[in-house]
Each structure stands twice: as structure tokens, then as C-alpha cells.
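# A look at the structure
The residues making up each chain are set out below.
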Amino acid sequence: ECMRAREPENPALRKYGRIGEVLSGQHFENFLEGQRVLLSLLDRWTDELELPTLGNFDIDETSIEPIVANCRGSSMKTNPITLTDDEIRDTLINRL
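Note that the structure is a prediction, hence the values are computed from the model and not measured.

### What to know about the state of the cysteines
Scanning the entire structure with this criterion turns up zero disulfides. Not engaged in a disulfide, the cysteine cysteine 71 finds its nearest cysteine sulfur in cysteine 2; these two sulfurs lie 13 Å apart. Residue cysteine 71 is classed as buried on the basis of its relative accessible area, which comes to 17%.

### A few points about helix α3 (residues 31–48)
End to end, α3 covers 25 Å across 18 residues, agreeing with the expected 26 Å (1.5 Å per residue, within 8%). Buried within α3 we find Gly34, Gln35, Val37, Leu38 and Leu41. Down the axis, α3 shows its buried residues gathered within 165 degrees of arc, on one side only. Exposed side chains of α3 directed beyond 90 degrees from the buried face belong to Asp43 and Asp47. A distance of 2.7 Å separates the backbone nitrogen of leucine 32 from a side-chain oxygen at the start of α3, and that oxygen is part of asparagine 30. Positive phi shows up at glutamate 50, right after α3, with a value of about 50 degrees.

Thresholds, definitions, all that
Residues numbered from 1 in each chain as written. Predicted model: local features only at pLDDT ≥ 70, side-chain atom pairs only at ≥ 80, totals over all residues. Heavy atoms only, no water. Disulfide = S-S within 2.5 Å. Buried < 20%, exposed > 50% of the residue type's maximum accessible area, 1.4 Å probe, protein only. Helix = DSSP H or I, 4+ residues; strand = E, 2+ residues; numbered from the N terminus. Expected span 1.5 Å × (residues − 1). Arc of directions from axis to C-beta. Polar contact = N/O pair within 3.5 Å; in protein donor to acceptor, adjacent residues only side chain to side chain.

Right under this line is the structure:
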């Protein structure tokens, strides 16, 4: 969502659409549809595999601010878009 809103021409968006096609075994006329299918697949797999949430690791809302404050390590450099602190915070809260 962040990338579509702030960088709609980011080449990673087309790649995500293509990954949606490959993983679903379908072809879409619009790469946005491939992205939608990819996100849907990831949500479904998360549920089916019962992947743990952050809460399973004793992370709660009081843990969020220190994580956000210290999350700008080298692993963030490979992200296709730089997330704002608010975007990171929202993502973490959604995974509690």
C-alpha cells in the first residue's frame, strides 16, 4: 500500500504483480490484479500455516516504539521503498 501510494511507478510493483501470477498459476491483464492475488495468497498462507504473530514473542504495544526507533539497520537498505516510522509502527501493530 505504501509503495502504491507514494511511488506508483516503482519497478518492484510490477515484480510483485508477476510473483502473484507465478504463485497463483494465473495471468492477469493488469499487474495490480497480480499484486492483489499475491497479498491474498500471503494472507491465506499465514492463516493456514498458523504463523505466529509478534505477540507470540512477548512483543506488545509497549515494545513498538523501541522497535521503531531502532529498526534502521542494514537489512532495511534492501527494501524497495523506505518506510516512514508511522508505516513501520502500523505494520508492527497489525502483526500483534
